[in-house]
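Chain and residue survey
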Amino acid sequence: MPVNVIGLLNIAIGEEEYVINDYLRLVSREYFEKEKISMPPDIRFYKTFIVSKSDFGENFTASNIPNHMKDGVPTYFLWAMKLYITRFNIVNSEWFAGETYETLKEIMAKTDYSVSVTAGAADDDWVRNFKIDEIVHELDQAILGEITELYKRIVDIYKNQDKSPEDTNLHWLYSFTKFQECCSHPYTRHSVTYITSAMEFLLVNSSNESDFRAAYYAALIYADEFEDRLTCFNFLKWAFSVREKLARGSVLDLKPFVDKSQIPENIHKLKEILAVVLLKTLGLTNRELQDQINGMIFHCPRFIQKKEVQA
């Protein structure tokens, strides 16, 4: 039976094995060492593995996996992890299928940093990724349990898409796909396009002032406090302005200021905002989402008129 594996470079679990369901489990590097399984040099730094025992056949793609096998798709659990954990970037291998654990040979790809001003820092980050024992993030049972529950909900969405597409919020599913693309292309202007497109399609049902409305609605959902909402709104206003320049073919590098999409921290913040919005809107129909947004807008505090100071 083929072994389907995704390696996690900077994730550790506090045990040798964590069972997700009948088909999936997380397996730690310590398991391989204990069982004296020889690990290829290419992946000896990987700390944890998402392992599936499902046999998908040789010519499969994520789009043609039947519903009864979707509980064994390792990428679904990976995306649940990335959606739930936003405080750091999870570094993973591609989905690999082999005959045995010994055949695992997945070369860690260097992240594609497109900005020369951060090239030095990017190289340092890439080198640090291989010092796994220095940057490992351990996930406890409580967090793994919450990720597993999120994963189950995501799998149900993919199952319902085939079984009853009329009950699936395709706006949310499209936005979740854009989140995945953003994770696959970090720290590039592509991420700005993916995130703004996701916000627009998920939250706005018309083309009128769609960028402003998407930023405004996202800020309302993202946080409850004024300052946090304002920070979110300003970040998204900036992101939409970058997208507009890219759409017009403007050469941002010739501007007399540094385009903020060159700064990894800003892209990370945008991705975190999208993740929070996706988590809070998961399971809502498009109509339910719009009704909640309207309720927040029209039940806001009344306007306080400034009174004239009497002489």
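Residues numbered from 1 in each chain as written. Predicted model: local features only at pLDDT ≥ 70, side-chain atom pairs only at ≥ 80, totals over all residues. Heavy atoms only, no water.

1. Observations concerning the pairing of strand β4 (residues 24–28)
Going by this rule: Only protein chains enter the area calculation, which uses a 1.4 Å probe; residues under 20% of their type maximum are buried, those over 50% are exposed, and those in between are partly exposed. Strands here are runs of E lasting at least two residues and helices are runs of H or I lasting at least four, both read from the DSSP assignment and numbered beginning at the N terminus. In short, DSSP must find at least two bridges between two strands for them to pair.
When you tally the buried positions in β4, you get four out of five residues, the bulk of the element. The pairing of strand β3 (residues 17–19) with β4 spans three bridges and is antiparallel. Looking across to β4, one finds that Glu17 is bridged to Val27. Hairpin connection from β3 to β4: four residues lie between these consecutive antiparallel strands. Judged from the five bridges that link them, β4 and strand β5 (residues 48–52) form a sheet pairing that is antiparallel. Bridging from a neighbouring strand, Leu24 pairs with Ser52 of β5.

2. Points about the environment of Ile6
So the rule is basically this: We call two residues contacting when some pair of their heavy atoms lies within 4.5 Å.
With respect to the secondary-structure elements, Ile6 resides in strand β1 (residues 3–8). Through-space distance from the C-alpha of Ile6 to that of Ala97 is 8.9 Å; in sequence the pair is 91 residues apart. Excluding its chain neighbours within four sequence positions, the residues that come into contact with Ile6 are Thr48, Phe49, Ile50, Pro74, Thr75, Leu78, Asn92, Ser93, Glu94 and Trp95.

3. Observations regarding the packing of helix α2 (residues 74–84) against helix α5 (residues 141–163)
Relative placement of two packed helices is described by the angle separating their axes and the distance separating the axes. Our working rule: To define axes, lines are fitted to C-alpha atoms, for helices over the stretch in contact only, and angles between the resulting N-to-C directions are given on a 0 to 180 degree scale. Angle categories are assigned with fixed cut-offs, so that under 35 degrees is roughly parallel, over 145 is roughly antiparallel, 65 to 115 is roughly perpendicular, and the rest are oblique. Put simply, a crossing is left-handed when the front helix is turned counterclockwise from the back one by less than a right angle, and right-handed when it is turned clockwise. Under the grouping applied here, Gly and all other residues not named as nonpolar or charged are polar, the nonpolar ones being Ala, Val, Leu, Ile, Met, Phe, Trp, Tyr, Cys and Pro and the charged ones Asp, Glu, Lys and Arg.
Two numbers describe how α2 lies on α5: the axes approach to 8 Å, and their chain directions differ by 120°. With respect to their mutual orientation, α2 and α5 come out oblique. Between α2 and α5 lies a crossing whose hand is right-handed. Only Ile143, Glu146, Ile147, Thr148, Leu150, Tyr151, Ile154, Val155 and Tyr158 of α5 make contact with α2, whose side of the interface consists of Tyr76, Phe77, Ala80, Met81, Leu83 and Tyr84. Looking at the contact of α2 with α5, its residues break down into 13 nonpolar, one polar and one charged.

4. What to know about helix α8 (residues 210–222)
Counted only if it meets this: The length a helix should cover is 1.5 Å for every residue beyond the first.
With 13 residues, α8 should reach 18 Å at 1.5 Å per residue; the first-to-last C-alpha distance of 18 Å fits that figure. Taken as a whole, α8 has its buried residues at Ser210, Ala214, Ala215, Tyr217, Ala218, Ala219, Leu220, Ile221 and Tyr222.

5. Re the environment of Leu26
By the element assignment, Leu26 lies in strand β4. Taking the relative accessible area as the measure of exposure, Leu26 reaches 0% and is therefore buried. Distance from Leu26 to Glu15, taken between C-alpha atoms, is 9.4 Å for residues 11 residues apart in sequence.

6. Things to note about the nonpolar core
In a soluble, globular protein the nonpolar side chains are often hidden away together inside. Where we set the bar: As used here, the term nonpolar core means buried Ala, Val, Leu, Ile, Met, Phe, Trp, Tyr and Cys residues forming a set that is joined through side-chain atoms within 4.5 Å.
Membership of the largest hydrophobic core comes to 76 residues, with the highest contact counts inside it found for Leu26, Ile50, Phe77, Met81, Phe176, Met199 and Leu203. When neighbours within four sequence positions are excluded, Ile50 is seen to be in contact with Asn4, Val5, Ile6, Leu8, Leu24, Arg25, Leu26, Pro74, Phe77, Leu78 and Met81. Core analysis: the next-biggest nonpolar cluster, separate from the first, contains eight residues, Val5, Phe32, Val51 and Val91 among them.

7. Focus: the side chain of Lys47
Here is the rule: Each polar contact in these results corresponds to two N or O atoms within 3.5 Å; when the atoms are within protein, one needs to be able to donate a hydrogen and the other to accept it, and residues that are neighboring in sequence are counted only if both atoms are side-chain atoms.
With respect to the element layout, Lys47 can be found in the loop between α1 (29–34) and β5. Reaching out from Lys47, the side chain makes a polar contact with the side chain of Glu30 at a distance of 3.4 Å.

8. Points about the confidence of the model for the chain
Which entries qualify depends on this criterion: Predictor confidence is given residue by residue as pLDDT, running from a minimum of 0 to a maximum of 100.
For the chain, the mean per-residue pLDDT works out to 80, and 77% of the residues sit at or above 70. Ranking the helices and strands of the chain by mean pLDDT puts α2 first, with 96, and helix α3 (residues 119–129) last, with 45. Every residue in residues 104–124 is under pLDDT 50, and counting partners more than four places away or in other chains gives 34 contacts. Under a pLDDT of 50 for its full length, residues 126–130 has, in the predicted model, nine contacts with residues more than four places off or in other chains.

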